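Inside the fold
One letter stands for each residue in the lines below.
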Amino acid sequence: MQNTKLLLTSFTFVGLLALAGCSFPGVYKIDIQQGNVVTQDMIDQLRPGMTRPQVRFIMGNPLLTDTFHADRWDYLYSLQPGGGERQQERVSVIFNSNDQLVSLSGDFMPGVSRDEAILGKDSGTTNVTAPAENAEKPKPEKPAKPGSLLDQIQKDVDGVETVPVPTPEPLDTSPQ
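These lines cover the structure that appears in this document, whether it is placed above or below. Here, residues in each chain are numbered from 1, in the same order as that chain's written sequence. Only residues with pLDDT of at least 70 get local features here, since the model is predicted, and only at 80 or more are side-chain atom pairs given and counted; chain-wide, interface and lining totals rely on the full set of residues. Side-chain calculation: all heavy atoms of the structure are included, whereas hydrogens and water are not.

1. As for the packing of aromatic side chains
Any two of the Phe, Tyr and Trp rings considered here, Trp counted by its six-membered ring, make a pair once their centres fall within 6.5 Å; the pair's planes then place it as stacked at under 30 degrees, edge-to-face at over 60, or tilted in between. A full pass over the atoms with the stated rule returns one aromatic pair. A centroid spacing of 4.9 Å and a plane angle of 70 degrees characterise the contact between Trp73 and Phe95, whose relative ring orientation is edge-to-face. Placement of Trp73 in strand E3 (residues 72–80) and of Phe95 in strand E4 (residues 87–95) is noted, with a sequence separation of 22 residues between them. Neither residue differs from the other here; Trp73 and Phe95 are each classed as buried. The helix count covers DSSP runs of H or I at least four residues long, the strand count covers runs of E at least two residues long, and both are numbered beginning at the N terminus. The cut-offs for exposure are 20% and 50% of the maximum accessible area for each residue type, with area from a 1.4 Å probe on protein chains only; residues under the lower value are buried, those over the upper are exposed, and the others partly exposed.

Structure (structure tokens):
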């Protein structure tokens, strides 16, 4: 009886240790990337009438080529950050009977790339005399409330003392 209790207790303890090791909070989990990386800039380079080799040059080999739909290429990309939720993006490229690009469907569409949306269009020339009405006026910042976290951070940033970085003396390269 005593041995049975000891054996049952030890199996329970070992089982709990095994389960605790499965989801230990300090364990690093890797990011899992699968499929073709597709960017908005790649989509923006596609034009109707492009041939299959031209599309393959821009986009790379498709992840899926369906035997029942030979005129459609599918590009899939999924990213699952370690321990996070899986994110998936899909783009389908459709060709006509002459192997020319006809249309796109999926998560990316032709238009303004994310970089252009942030930085503005770069036409290669700078427009010095831009009208003032087209320029975005920056919104005035509201001061942080006294005692708030933002106020503390601002005080810490304002109180930082600058320290000059020491520069090393050049090495003596004269032959001896």
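2. Comments concerning the pattern of salt bridges
Salt bridges are identified by distance alone: a Lys or Arg side-chain nitrogen within 4 Å of an Asp or Glu carboxyl oxygen. Evaluated as defined, the whole model comprises three salt bridges. Measuring nitrogen to oxygen at the nearest pair gives 3.4 Å for the salt bridge that ties Asp151 to Lys155. Placement of the pair is Asp151 and Lys155 together in helix H5 (residues 149–158), with a separation of four residues, close to one helical turn. Using a relative accessible area of 56% as the deciding quantity, one classes Lys155 as exposed.

3. Focus on the pairing of E4
Regular strands have side chains that alternate between both faces of the sheet. Whether two strands pair depends on DSSP finding at least two bridges between them. As paired elements, E3 and E4 share eight bridges and run antiparallel to each other. When the bridges of E4 are listed, Arg72 appears paired with Ile94. Once E3 ends, the chain turns through six residues before running back antiparallel as E4, passing Gly83 with a positive phi of about 75 degrees. Here five bridges tie E4 to strand E5 (residues 101–106), and the two strands are oriented antiparallel to one another. Looking at the pairing, Val91 lines up with Gly106 of E5. The antiparallel hairpin formed by E4 and E5 contains five residues in its connecting segment, where Asp99 sits at a positive phi of about 60 degrees.

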